[in-house]
Amino acid sequence: MTGVRIKQLSALVIAAAATTAAAAASADAAPDPVALGGGSGIVLGGHAMCSLTAVGTDGAGRLVGLTAGHCASAGTPVSAEETPAAGAIGTIAASDGGAGLDYAVIEFDASKVTPVRTVGGTTIAGVGDTPGPGITVCSNGRSSGFDCGVVWGTVAGREVNQSCSQPGDSGGPVTIGDRLVGMNQGRLTSLGGIGFNVPCVVAAVPVHAPAYFQPIAPILAEIDTAGGVGAGFRPI
């Protein structure tokens with residue numbers, strides 16, 4: 001009888017050890033939270049590359065981010081470009097598809113994302129006013145990186161500025177100092193029927209077609225009016 005009990009006890013000890021080892025292996029395999037902030041590269045639906053405008057919290061305390069609406073539709077999974085092993089870290093909660101102000105709201109899994117204020121040369125510590133002509137603004141995106149340029153004026157409700165913008169930079173932040181003032185949405189290629197599509201090759205070369213951005217104030221106002229995920233958004 002004693003021998004049987006010893007065997008049963010040994011089996012229990014072995015099973016417990018195996019369970020502990022499996023749990024430890026699972027914990028070791030779990031990826032660390034992804035650090036994301038304004039200018040970070042994101043992948044939408046497993047293939048489209050865009051950039052984050054900023055990461056923050058909404059009025060309900062949810063961890064959310066913003067990007068350009070033409071990047072993806074609502075329901076699209078979002079992953080981090082630099083850490084694909086982490087898998088989906090969020091979902092597009094709302095998007096106007098580029099038909100309006102051209103914005104989308106991302107709801108992140110707070111257990112998978114560590115929000116940061118600084119990415120490259122960009123630090124975002126709050127929201128600022130819409131800049132006027134002659135003001136220098138800076139942008140940041142996963143393709144072009146950090147670049148600055150003067151605001152020329154307004155075309156079709158968007159601010160035109162001489163910053164570098166390449167495919168993949170859409171959604172990136174436009175800042176003055178550490179204030180978020182806009183969302184990069186593309187490159188101006190024509191005006192009044194006159195084409196001048198000169199792509200930006202590298203940000204260090206200023207001879208290229210200007211970029212354009214949507215001021216952040218009307219975007220946040222529309223998100224607040226719509227309610228739901230993103231309403232009351234503030235950068236971290």
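Residues numbered from 1 in each chain as written. Predicted model: local features only at pLDDT ≥ 70, side-chain atom pairs only at ≥ 80, totals over all residues. Heavy atoms only, no water.

A word on the overall build of the protein chain
Thinking step 1. In terms of regular secondary structure, the protein chain is built from 2 helices and 21 strands.
Thinking step 2. Looking at the protein chain residue by residue over its 236 residues, the buried ones come to 44%.
Thinking step 3. Considering only intrachain contacts with a sequence separation of at least 6, the fraction spanning at least 24 residues in the protein chain is 62%.
Thinking step 4. Surface exposure of the protein chain reaches about 10900 Å², of which carbon and sulfur atoms provide 60%. (Helix = DSSP H or I, 4+ residues; strand = E, 2+ residues; numbered from the N terminus. Buried < 20%, exposed > 50% of the residue type's maximum accessible area, 1.4 Å probe, protein only. Contact = heavy atoms within 4.5 Å. Areas by Shrake-Rupley, 256 points an atom, 1.4 Å probe, with all protein chains shown as cover.)

Concerning the pairing of strand β4 (residues 54-57)
Thinking step 1. Direction of pairing for β4 relative to strand β5 (residues 63-67): antiparallel, over a ladder of 4 bridges. Bridge assignment links threonine 57 to a residue of β5, and that residue is leucine 63.
Thinking step 2. From the end of β4 to the start of β5, which pair antiparallel, there are 5 residues, and glycine 61 there has a positive phi angle of about 85°. (Pairing = 2+ DSSP bridges.)

Quick notes on the side chain of serine 165
Thinking step 1. You can see serine 165 is positioned in the loop between β15 (158-161) and β16 (173-176).
Thinking step 2. Using a relative accessible area of 4% as the deciding quantity, one classes serine 165 as buried.
Thinking step 3. At a separation of 3.2 Å, a polar atom in the side chain of serine 165 contacts the side chain of asparagine 184.
Thinking step 4. Setting aside residues no more than four positions away along its own chain, serine 165 makes contact with Ser144, Asn184, Gly186, Arg187, Cys200 and Ala211. (Polar contact = N/O pair within 3.5 Å; in protein donor to acceptor, adjacent residues only side chain to side chain.)

What about the sheet that holds β4?
Within a beta sheet, neighbouring strands are joined by backbone hydrogen bonds and run either parallel or antiparallel to one another.
Thinking step 1. Reading across the sheet, the 8 strands line up as β3-β2-β6-β7-β8-β5-β4-β21 and stay open at both edges, with antiparallel pairing between neighbours. Lying at the two open borders of the sheet, with one neighbouring strand each, are β3 (48-51) and β21 (234-235).
Thinking step 2. Sheet analysis places strand β7 (residues 90-95) next to strand β8 (residues 104-108), joined by 5 bridges and oriented antiparallel. Residue pairing for β8: isoleucine 92 is matched across the bridge by isoleucine 106.

Overview of unusual backbone geometry
Thinking step 1. In this model, aspartate 102 sits at a positive phi of 65°, which is unusual for a non-glycine residue.
Thinking step 2. With respect to the helices, strands and loops of the structure, aspartate 102 is situated in the loop between β7 and β8.
Thinking step 3. The buried category is assigned to aspartate 102, whose relative accessible area is 5%.
Thinking step 4. For alanine 156, which is not glycine, the phi torsion reads 50° and is therefore positive.
Thinking step 5. Along the chain, alanine 156 falls in the loop between β14 (145-155) and β15.
Thinking step 6. Since its relative accessible area comes to 70%, alanine 156 is described here as exposed.

Some thoughts on the pattern of salt bridges
Thinking step 1. Counted under the stated rule, the structure contains 3 salt bridges.
Thinking step 2. Here aspartate 58 ties to arginine 62 by a salt bridge, and the two come within 2.8 Å at their closest N and O atoms.
Thinking step 3. With a relative accessible area of 5%, aspartate 58 lands in the buried category.
Thinking step 4. Aspartate 178 serves as the salt-bridge partner of arginine 179, at 3.0 Å between the closest nitrogen and oxygen. (Salt bridge = Lys/Arg side-chain N within 4 Å of Asp/Glu carboxyl O.)

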